[in-house]
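What follows is each chain in one-letter form.
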Amino acid sequence: MRNKNGMMAEKIKNPQNIKTSDFENNWHGLYLHIPFCKQACHYCDFHFSTTMKYKSELVDALCQELILRKEEVSGIVKTIYFGGGTPSLLTFAELNQIFQCIYENYSVAESAEITLEANPDDLSEEKINELSKTKINRLSIGVQSFFEEDLKLMNRAHNAEEAIKSIELAKKFFDNISIDLIYGIPGMSNARWKKNLEIALETNVPHISAYALTVEPKTALAKFIKTGKIKSVDDEVAQQHFEILTETLDKAGMDHYEFSNFGKPGFFSQNNLAYWHGKKYLGIGPAAHSYNGKLRSWNIANNNKYIKSIQQNELPHETEILSKTDRYNEFVMTHLRLREGISVNDIEDKFGIEKKVYLLEQAQTYLKQDLLLLESGFLKITKKGKFLSDGIAAGLFYIEE
């Protein structure tokens, strides 16, 4: 698969049968956090700044951190992901500066999936044309909704017309496009959610990510709900929307390969799959997280402090050593979200026979309730249990006394 400028966008063969063993042990991904936004979305609790004053200095710091940490990556980089924040605020020159640093210091697969998150209001035809001339071969467009009332409630910077237009323009330059949608929004009826999905499918994008709106502490949304300005999020409505989502996209031929992700065959996000399979990744930028299988680290969530530390060749991050129990619980949580589920043989190989026995014992209640299914050595979430997957995973965790 190639984007319009001829760069390869790697597909995954037989995505419906993908297993943890299909990923190399030395697999690495790069995640770059771009902490700038035009305005604050009411629901967002990610680290960002609405001032662009230090954007140039921060790009320089990102490149310096890439150099300082290159020894942490011993294998080939197979995915590069620009998240945020709003990475589409980066200029052509800034993106190329970052890419030059990556390719000079890391071994990047020729067919690496390189994704940039973008907001519709940034995606003019000129901007998309510029992006297509970089090494980016996949766009993830933050649509969230095709309706003005939803976009205003969330304080998005774009309108419904820009959402549709950005997708149509993007299709002129990129084949590999994903859009994000949010359901469970206060005031969103089932009919409006269905219409959102109909519009999304009419665009013929090959990948859709859909997330339930969550109320995070210290966000504007939490404050508005507390003061009664906005109605509270209704879990029952969110579950109805989730059921509509899975049914609608299944009928449209979109594979539900992970709880929040749907794709046409050959267009599953390698970045998403690697994350849920517990593969290694290096997080660059303020508030970015890294994971190497045994350690997790995270950078300071402050742009100025991050920049000053990197300028002094100091890494401003904290590190957590994951215990075997932590790794077991994470394995259960992430793999249960995937369509293939948890391999009980993998549990035994990685964590011992005791954990395998424990897992199957804990699963009995959910198996009897038809929330889990044990099939060909894989413990899977059933259709009935999908919306409850996080709670079911917690019930399978090993709790040390």
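Residues numbered from 1 in each chain as written. Predicted model: local features only at pLDDT ≥ 70, side-chain atom pairs only at ≥ 80, totals over all residues. Heavy atoms only, no water.

Participant: Teacher, can you tell me more about the overall build of the chain here?
Facilitator: When you go through the chain residue by residue, the secondary structure sums to 14 helices and 15 strands. Its C-alpha atoms give the chain a radius of gyration of 21 Å, within 12% of the compact-globule value 21 Å for 401 residues. Its C-alpha atoms give the chain principal-axis dimensions of roughly 55 × 50 × 45 Å. For the chain, the exposed area adds up to about 18,500 Å²; of that, 48% sits on carbon and sulfur atoms. (Helix = DSSP H or I, 4+ residues; strand = E, 2+ residues; numbered from the N terminus. Rg over C-alpha atoms; globule rule 2.2 N^0.38 Å. Areas by Shrake-Rupley, 256 points an atom, 1.4 Å probe, with all protein chains shown as cover.)

Participant: Would you mind showing me how to read the packing of aromatic side chains here?
Facilitator: Describing an aromatic ring pair means giving the distance of the ring centres and the angle of the ring planes. For the structure shown, the criterion picks out 13 aromatic pairs. Look at Y275 and W276: their rings are 4.8 Å apart centre to centre, the planes differ by 80°, and that puts the pair in the edge-to-face class. On the basis of relative accessibility, which here comes to 13%, the residue W276 falls in the buried class. Taking 5.8 Å as the distance between ring centres and 70° as the angle between the ring planes, the aromatic pair formed by F331 and F351 counts as edge-to-face. Here F331, found in helix α11 (residues 324–336), pairs with F351, found in helix α12 (residues 344–351); they are 20 residues apart in sequence, far enough to count as distant. The same class applies to F331 as to F351, namely buried. Within the aromatic cluster, the residues linked to one another by ring pairs are Y183, W193, F242, F259 and F387. The ring of Y328 is capped by K355, whose NZ or CZ atom sits 5.9 Å from the centre of that ring. (Phe/Tyr/Trp six-rings, centres within 6.5 Å; stacked < 30°, edge-to-face > 60°. Buried < 20%, exposed > 50% of the residue type's maximum accessible area, 1.4 Å probe, protein only. Lys NZ or Arg CZ within 6 Å of the ring centre and 35° of its normal.)

Participant: Would you explain the packing of α12 against helix α13 (residues 353–368) in this entry?
Facilitator: To characterise two packed helices, one gives the angle between the axes of the helices and the distance between these axes. Running from amino to carboxyl end, α12 crosses α13 at an angle of 145°, the nearest separation of the two axes being 7 Å. By crossing handedness, the relation of α12 to α13 is classed as right-handed. Across the interface between the two elements, V344, N345, I347, E348 and F351 from α12 touch I353, K355, K356, L359 and L360 from α13. (Axes fitted to C-alpha atoms, helices over the stretch in contact; angles between N-to-C directions. Left-handed = near helix turned anticlockwise from the far one by under 90°. Contact = heavy atoms within 4.5 Å.)

Participant: How should I be thinking about the pairing of strand β1 (residues 28–34) in this particular structure?
Facilitator: Burial of β1 is extensive: 6 of the 7 residues sit out of reach of the surface. Pairing analysis gives 7 bridges linking β1 to strand β2 (residues 77–84), with the strands arranged parallel. Along β2, the bridge assignment pairs I34 with G84. Each parallel crossover has a hand, and for β1 linked through helix α1 (residues 55–68) to β2 it is right-handed. The pairing of β1 with strand β9 (residues 280–284) spans 5 bridges and is parallel. Looking at the pairing, H28 lines up with K280 of β9. (Pairing = 2+ DSSP bridges. Right-handed = clockwise from strand over helix to strand, strands pointing away.)

Participant: So what exactly am I meant to see when it comes to the sheet that holds strand β15 (residues 378–381) here?
Facilitator: Through backbone hydrogen bonds, the strands of a sheet pair up, either in parallel or in antiparallel fashion. Spatially, the 3 strands line up as an open sheet ordered β13-β15-β14, and their pairing is antiparallel. Looking at which strands have only one partner, the edges of the open sheet turn out to be β13 (342–343) and β14 (372–375). Pairing geometry for β14 and β15, over 4 bridges, is antiparallel. Bridged to L373 within β15 is K380. Against the sheet, α13 contacts β13, β14 and β15, and its axis sits at roughly 125° relative to β14.

Participant: For this particular structure, what's the right way to read the nonpolar core?
Facilitator: Grouped together as the largest cluster of nonpolar side chains are 81 residues, with contacts concentrated most on F82 and I98. Not counting residues within four places of it along the chain, the set of residues in contact with I98 comprises L32, V59, L62, C63, L66, F82 and L90. (Core = buried A, V, L, I, M, F, W, Y, C linked by side-chain atoms within 4.5 Å.)

Participant: Looking at this structure, how should I read the pattern of salt bridges?
Facilitator: One side chain can pair with another of opposite charge once the charged atoms of both are near each other. As enumerated under the stated definition, the model contains 17 salt bridges in all. Here D121 ties to K38 by a salt bridge, and the two come within 2.9 Å at their closest N and O atoms. Remark: K38 occurs in the loop between β1 and α1 and D121 occurs in the loop between β3 (108–118) and α3 (125–132); sequence separation between them is 83 residues. Residue classification places K38 among the partly exposed positions, given a relative accessible area of 45%. Across the pair D255 and R339 runs a salt bridge whose closest N-O atoms are separated by 3.9 Å. Within this pair, whereas D255 is found in strand β7 (residues 255–258), its partner R339 is found in the loop between α11 and β13, the two being separated by 84 residues in sequence. Residues joined in a network through salt bridges with shared partners are K38, D121 and D122. (Salt bridge = Lys/Arg side-chain N within 4 Å of Asp/Glu carboxyl O.)

Participant: Any chance you could explain the confidence of the model for the chain here in plain terms?
Facilitator: Reading fine detail from the predicted coordinates is not recommended where pLDDT is low. For the chain, the average pLDDT comes to 92, and 93% of its residues sit at 70 or higher. Within the model, pLDDT remains below 50 along residues 1–24, and this stretch shows 65 contacts once partners closer than five positions in the same chain are excluded. (pLDDT = per-residue confidence, 0-100.)

Participant: I'm lost on the environment of D121 in this one. Help?
Facilitator: Among the residues examined, D121 registers a relative accessible area of 19% and is labelled buried. Note: C-alpha distance between D121 and C37 (84 residues apart in sequence) is 12 Å. In terms of polar contacts, D121 uses its side chain to reach the side chain of K38, at 2.9 Å. (Polar contact = N/O pair within 3.5 Å; in protein donor to acceptor, adjacent residues only side chain to side chain.)

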